[in-house]
Structures are given as structure tokens and as C-alpha cells.
Amino acid sequence: MYPTGELQTGLYTASIRLVIRQAQTPSGPCMGKPSESTLTVIANVLKACTVSATTLDFGVQPSNFSGPINATSQINTHCANGTDYQIALNNGLHSVGNTRRMKSADGDYIPYELYNNPQRTQRWGETLNTAETKKLTSTGHAHQSIVYGQALPTQGLAAEQHKDTLAVTVTY
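Residues numbered from 1 in each chain as written. Predicted model: local features only at pLDDT ≥ 70, side-chain atom pairs only at ≥ 80, totals over all residues. Heavy atoms only, no water.

Engineer: A description of the nonpolar core should follow, citing residues and the corresponding values.
Structural biologist: Phe58, Ile87 and Ala151 are the most contacted members of the largest nonpolar core, which has 20 residues in total. Listed by contribution, the elements that provide at least two residues to this core are strand S4 (69-79), strand S5 (84-89), strand S7 (109-115) and strand S9 (143-151). Sorting elements by how many residues they give to this core places S4 first, with 4 residues. The residues touching Ile87, leaving out its near neighbours within four places in the chain, are Ile75, Thr77, Trp124, Thr133, Lys134, Leu136, Ser145, Val168, Thr169 and Val170. (Core = buried A, V, L, I, M, F, W, Y, C linked by side-chain atoms within 4.5 Å. Buried < 20%, exposed > 50% of the residue type's maximum accessible area, 1.4 Å probe, protein only. Helix = DSSP H or I, 4+ residues; strand = E, 2+ residues; numbered from the N terminus. Contact = heavy atoms within 4.5 Å.)

Next comes the structure, spelled out in C-alpha cells:
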């Protein structure tokens, strides 16, 4: 029977006793002695995680938008069962200090922030073992974490695409 849940990390071993007996022939049983051996099976399940993320898209907005624009994306993690891990987000390619910014080809910037709660009150950052990172314990199944984004209004923007790239880091 195969396990129905995910495996915990660790070393798994099993021993199987093998017995080889000579077959009976039409003229009667063979009189040879059975041969025995033990086959050991080993599997070592290591802690490991994979991560991927979807694009956070604030959509098409007028160049003079006057209020915050909210959007969400998803970070997908899959770690070995029982693995404690944290998800961190850096400040991106175009940040100044802790201010994240999307940049256009012409050099215009739109400030934005990323949060790990729907109320958009808890900044999602990269300082481990603080409220800035998301702390989880894996059940061995894929997990989806929602990223809550908010772009802030900026005056005098050119009508063009603004973007940024961030690193998502999973520490375990």
C-alpha cells in the first residue's frame, strides 16, 4: 500500500527477506537447499522547496489617476512536509530605500507597495524572522500566498508601461 499523504523529511529504510526455493519437477520435489538473502531499500527525503509567482498587474490606468490602485498576485510554494520556511520579497530593481517603484522607459516612476494581508497594513519585505516575511510550515502540498499590491498616484506621468522586477526568496 502506498502512502496517501506527503512524506516527512528523513531517512526511510525497509528490509525484505528473499527466499529462493527450487521448484518441484514432474518427477518429484528437488532436494536442494533454499537460498536466502536480505534486500535493503533506502530512501532519503531531503528538505526542499520550489517557488513561482504570477505577475502583479495594476492594469491600464489613466496617466492622471488620483487614488490608490489595488491588485493581487500569487506566490506558489511547495516544500517537503514538515519544513518550516519563510517567504521574503526584496524591494525591486528601481527602489529608493524602502520605497518600491515601477519605472517607465522614459524614466518616470510610480511608487507602489506590497503587503501580506488584505487590509494592506503589513508590508511584505525581506527581513527574516520579522512580521515582514510570511512564515509557514509545509503540509507537503502546494501552498498559495496572496500578494496584495497598491500603486500610489503620481502626477505628470507619460502614457507608457511602468514595471519593476522583485526577487521572491524562500528560506528554509
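Engineer: Requested: an account of the pattern of salt bridges, with residues and values cited.
Structural biologist: All chains considered together, the criterion is met by 3 salt bridges. With a shortest N-O distance of 3.8 Å, Arg123 and Glu132 are connected by a salt bridge. Taking the relative accessible area as the measure of exposure, Arg123 reaches 16% and is therefore buried. (Salt bridge = Lys/Arg side-chain N within 4 Å of Asp/Glu carboxyl O.)

By themselves, these observations are geometric and do not establish any function.
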